[in-house]
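Results of the structural survey
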Amino acid sequence: MPMDTLEVQRRLIALFVAGCMLLGYPLLTVYSLPQTIGGIPMLYLAIFVIWAALIGASAAILHRATGGSSGGASQ
Amino acid sequence: MPHVLIVEDEPSIVTPLKFLMEQEGCSVQIVSDGAAVMPAIAAQRPDLILLDVMLPSRNGYDLCHAIRERPEGNDIAIIMLTVKGREVDIEKGYAMGADAYITKPFAVADVVATARRYLPDA
Amino acid sequence: MSTTLLLLVATAYVSLLFAVAYYGDERAEHGRSLVNNPYIYALSLAVYCTAWTFYGSVGYAATTGINFLPIYIGPTLIAILWWGLMRKIVRISAHQRITSIADFIGARYGKSAVLAGVATVVAVIGVVPYIAVQLKAISTSFGALTAPLQDTAAAGVPIWRDTALYAALVLAAFTILFGTRHLDVTERHEGLVVAIAFESVVKLAAFLAVGLFVTFGLYDGLGDLFQHGAAVPSIEALYTVEASTGAFADWMWLTGLSMLAVLFLPRQFQVTVVENVNEDHLRKAAWLFPLYLLLINLFVLPIAVAGLLHHGDATHADMFVLLVPFSEGQTALTLFAFIGGLSAATSMVIVATTALSTMICNDLVVPLLLRIPQLNLARRSRLTGVILGIRRVAIVVVLLFGYLYLRGLGDAPSLVSIGLISFAAVAQFAPAMLGGIFWKRGTRTGALLGLVAGVAIWGYTLPLPLLADSGWLPASFITEGPFGIGALRPYALLGMSELNPVPHTLFWTMLANGGLYVVGSLATRPSVMEQSQASRFVDVFRHAGPQGAAPWTGSAPVADLRALLRRFLGWRAADRALQRYRTRHDLKALPERADEELVDYVETLLAGAIGAASAQAVMGSVAQAKPLHIGEVMDILDETQQLMAYSRELEHKKAELEAATEELRDANQKLKEIDHLKDEFVSTVSHELRTPLTAIRAISEIMHQTTDLSPEQQRSFATTIMRETERLTRLVNQVLDLERLDATPVLDRALVDLRDVVHNALSAVRPQFEQQAITLNVTLPDRPCPARIDRDRMTQVLLNLLSNAAKYSTDADPQVAVRVTRTNDTYAVSVADNGPGIPADQQDAIFEKFRQARNRVGPQAGSGLGLAIARQIVHRHGGTLTVKSTPGAGATFTVQVPAHPPESVPSSDHEASVS
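The rules behind these values
- Residues numbered from 1 in each chain as written.
- Chains lettered and ligands numbered in written order.
- Predicted model: local features only at pLDDT ≥ 70, side-chain atom pairs only at ≥ 80, totals over all residues.
- Heavy atoms only, no water.
- Helix = DSSP H or I, 4+ residues; strand = E, 2+ residues; numbered from the N terminus.
- Buried < 20%, exposed > 50% of the residue type's maximum accessible area, 1.4 Å probe, protein only.
- Contact = heavy atoms within 4.5 Å.
- Areas by Shrake-Rupley, 256 points an atom, 1.4 Å probe, with all protein chains shown as cover.
- Buried area = accessible area lost by both parts, 1.4 Å probe.
- Salt bridge = Lys/Arg side-chain N within 4 Å of Asp/Glu carboxyl O.
- Polar contact = N/O pair within 3.5 Å; in protein donor to acceptor, adjacent residues only side chain to side chain.
- Nonpolar A, V, L, I, M, F, W, Y, C, P; charged D, E, K, R; others polar.
- UniProt positions renumbered as here; feature names shortened; annotations may be inferred.
- Pairing = 2+ DSSP bridges.
- Axes fitted to C-alpha atoms, helices over the stretch in contact; angles between N-to-C directions.

In the nomenclature of an unreviewed UniProt entry, chain B is known as Two-component system response regulator of Longimonas halophila.

Below, the discussion takes up the overall build of chain C. Assigned secondary structure in chain C consists of 35 helices and nine strands. Across the 915 residues of chain C, 52% fall into the buried class. Summarising the internal contacts of chain C: among those between residues at least 6 apart in sequence, 81% fall at separations of at least 24. Here chain C has roughly 38800 Å² of accessible surface; of this, 59% comes from carbon and sulfur atoms.

Turning to the interface of chain A and chain C, a few remarks are in order. Taken together, the contact between chain A and chain C spans 43 residues of the former and 47 residues of the latter. The junction of chain A with chain C conceals about 3700 Å² of combined surface from both sides, 73% of it contributed by carbon and sulfur atoms. Taken together, chain A and chain C are joined by zero salt bridges. One can count four residue pairs in polar contact (both at pLDDT 80 or more) joining chain A with chain C. It is helix H3 (residues 42–63) of chain A that provides the largest number of residues to the side of chain A that touches chain C, a total of 12 residues. When its residues are assigned to classes, the side of chain A that touches chain C shows 25 nonpolar, 18 polar and no charged.

On to the UniProt feature "modified residue: 4-aspartylphosphate" (unreviewed entry) in chain B, then. UniProt marks Asp52 of chain B with the feature "modified residue: 4-aspartylphosphate" (unreviewed entry), using the numbering shown here. Locating aspartate 52 of chain B in the fold gives a position in strand S3 (residues 48–52).

So, about unusual backbone geometry. Residue lysine 104 of chain B is joined to proline 105 of chain B through a cis peptide bond whose omega torsion reads -5°. The backbone of alanine 773 of chain C sits at a positive phi, close to 60°, despite the residue not being glycine. Judged by relative accessible area, alanine 773 of chain C falls into the exposed class, the value being 54%.

Residue and element names in this part refer to chain C. Sheet topology places strand S4 (residues 775–779) next to strand S6 (residues 815–823); five bridges connect them, and they run parallel. Each bridged residue has a counterpart across the sheet, and for asparagine 777 the counterpart in S6 is alanine 817. Pairing analysis gives eight bridges linking S6 to strand S7 (residues 826–833), with the strands arranged antiparallel. When the bridges of S7 are listed, alanine 817 appears paired with alanine 832. Hairpin connection, S6 to S7: the antiparallel pair is bridged by two residues, and asparagine 824 has positive phi, about 50°.

All names here are of chain B. With parallel pairing, the five strands of this open sheet are ordered in space as S2-S1-S3-S4-S5. Single-partner strands in this sheet number two, and they are strand S2 (27–31) and strand S5 (100–103). Each neighbouring strand pair of the sheet contributes to a mean axis angle of 20°, computed without reference to strand direction. Relative to strand S4 (residues 77–82), S3 runs parallel, the two being bridged by five bridges. Directly across from leucine 51, in S4, lies its bridge partner methionine 80. Against the sheet, helix H3 (residues 60–69) contacts S3, S4 and S5, and its axis sits at roughly 175° relative to S4. Set on the sheet, helix H4 (residues 87–95) makes contact with S4 and S5; between it and S5 the angle comes to about 150°.

Shown next as structure tokens:
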């Protein structure tokens, strides 16, 4: 079901903020552990997994956005 | 002995009606369901029917009309006894072939006087 | 590896590129565009990934671990907001026919030629070093394979043997061919975009190929590779990040900087905005582009680790992508990687040069030429050729500048550091751009002040110290400041030495740029033109299409306009454009004298070819602009504003009136319904009252008149009177009950276990059931059934259903089944009897006030209100009360109420608190 532009906008902004937090500094030090998972360093793995999740979430939201030509308030 | 058919589904109203009719020296049969009226008439033709309107299965107007359609129906006196007291209801009652129309709650004297008018002299 | 082989491969690749671009242009000419496709669009955005990404990331990762990532994480994050932000820029640019980012800024602030010019200069200064970096990467990669592991300082090579120079010339040729084939009102280059998308595929494939080879060819997967690396402490250190404030600041600043860069780099603006054919493509591109970034970064760290393991140190880390497969003897893979690097570098150079040449032409050279009266440019015929000529020269000049920069700078800075300097330069567009699309009050003066101040500080703190590094300035300039003034040290302005150079610059420039933009804007009054453009930009989504002309545009003879268009666009394009205008406005012929709208249309068309500011200047020379004084303009504005305010008010009033009418109609409808219900209510109540009254009256009259009643008769009559009086009392109570329920819509709801309610009701009716020998079957779930309900009311409902069931239990073996079930988010409580059932035509009626199913035989003690009340209570809970029955086989009443979310199963506390 398509969402209205404002709702899409709100979700995207929330996702943006979440992304900034998850891939931002204080949290990075949390993943930055000497442990490895299957030989792969935690930090490297965490960043790429979060990164992929962000892309997936954004794709899911945008998939439900109504057509661009419909305009609507964007501010 | 004149025969009276009381068609009424409220037992508490049947009680006084039955008492009154018996006092007048009639034999009384009671039917509480609309569907049982026509068989009862066929079994024993009443001289007078006290007919309620709001009944289970079949309403009084409908029954009244049906009775008048029967060959022997014109010889039966029908008094409608009902809470439906608006003028249209009364009109309808007469149009369906009622001889008299009495609204509830009724005065006992009214019922007795009207019944006497239609009952054959004992 | 032989030079000839490399040259051959490079030539073959560039030829292929030419072919792809040519094919793309051909398809476009025949109306079967390849570009109208979100995937091609998203791939073209990957022009963001340059040689810096292809070679530099590995080099950076080899020394600093994951610190190369903010440059890609920033774009990923900002792309999440593209649907709002970039779509707005794309929409504005489509309406205004924007040709470059400088044009955008100039157009926003009252079509200011000065501002557009300054922005162009900033873009050129900022991007030329970046182009130089690409040329350097091409020549270094060439050198690394022909004479491996030697320093390939460009400065040491005679100019005619310098690969970078030849690379520059070939790229200039390509760009001229596909970037300036024709002068178009849309300024789109389909062949170019197709070629760029193709290059994006090539560089990604090449990088992934090297990554896969390193990971699975040389090692046994990622885990194995990383574990080998972990044995070396200096490599293991790359697996984690420092927890220092410095690293913290760098990461965050670079993330932010790359967000701005991906928005405002001229080449990104070119592919994202100018080359965009359908803004809906952004919907897919906003996640496909980040996905591309993710993929191309996946193997950066593994390649860096493998490179360090194989080559021992990070001296040649920038070339690990080539050197690792090369030293393993993988010639084909090495060539593929070389091609990948070449495509990364060339795509950047081609698009950046195209964008810069458009800017230089439209926003710098043409406005200047227009200002030289001797040239009388606007009156000359055949200007298309002149404009294309200017662009071609600009392309060559930009590339040569890039080359000279490369030679002048020597080999001091790495790929990444020069890239970041460019990023910081284009970040200076941020206040004017973002303010421009969201803040109407931003003015030309503010934008100009901010931009100039930002660029000045940028120049002083980033590129200038590089001159000192290269020996053009004394080293003391950096360490002690100019003339020994410590507060002016370029890497520590006012003594701020905490930050690294790029964050340091970013902090000061954003402070000065943003601050002056806001202060300057608030301190000046926007001109009429600025106000008009501001509203067209900021409110772009409020208007369905390009807005009508501003009232002061003026008028002009159509013949003049036609001539003007032909001069700038060529005959065919001009006539086609006017034809379009005629069709759109349904005109048989164009009028002799153009009105404001047509003048505005022509100006927009011209803006597409030569930029907004130049177009305005050219139009001024032809269109007889109304000789307006500022006073008149203000009058027009005031008038317009008054009119607008008036019509807004009218709209508002009309809407209010409509709403009021609607409300009245609703209220009236409701009143009618209520009236009808009330009539019905009164008539049914009176009916229900009349029945017992009739009995009481008749019997009491009889008792009064008849003196000789037998004692049994008297007793029987008295019993009837008592029963009917009780019935009256009950009736009156229920009417009052119903009224109370109508008047108090608020239920006393609490979190209750539905099973408790059922138990309560059951315990109340159990004696009655036992008396009637009714078998009771109760089925309840094992788990609590939390629901927000009014416990007393719901108990009342269940009691009603249970006593009804008991009332109609006329079977020889009466049975009543009570069952609670849960489906998804509702509970169903059902009470089933095996009595006579209810005929289908009466199943609705039994819920109406005072209607009892007359056919249900048995003691009719109910008033007929019970089910009506029960249903109303259930409705109040947002539930339903329904009946299913097959006459003769009993009836099942079902109450459905919404379940409370299961995560808040009530504890015993909750239950205790229920009143």
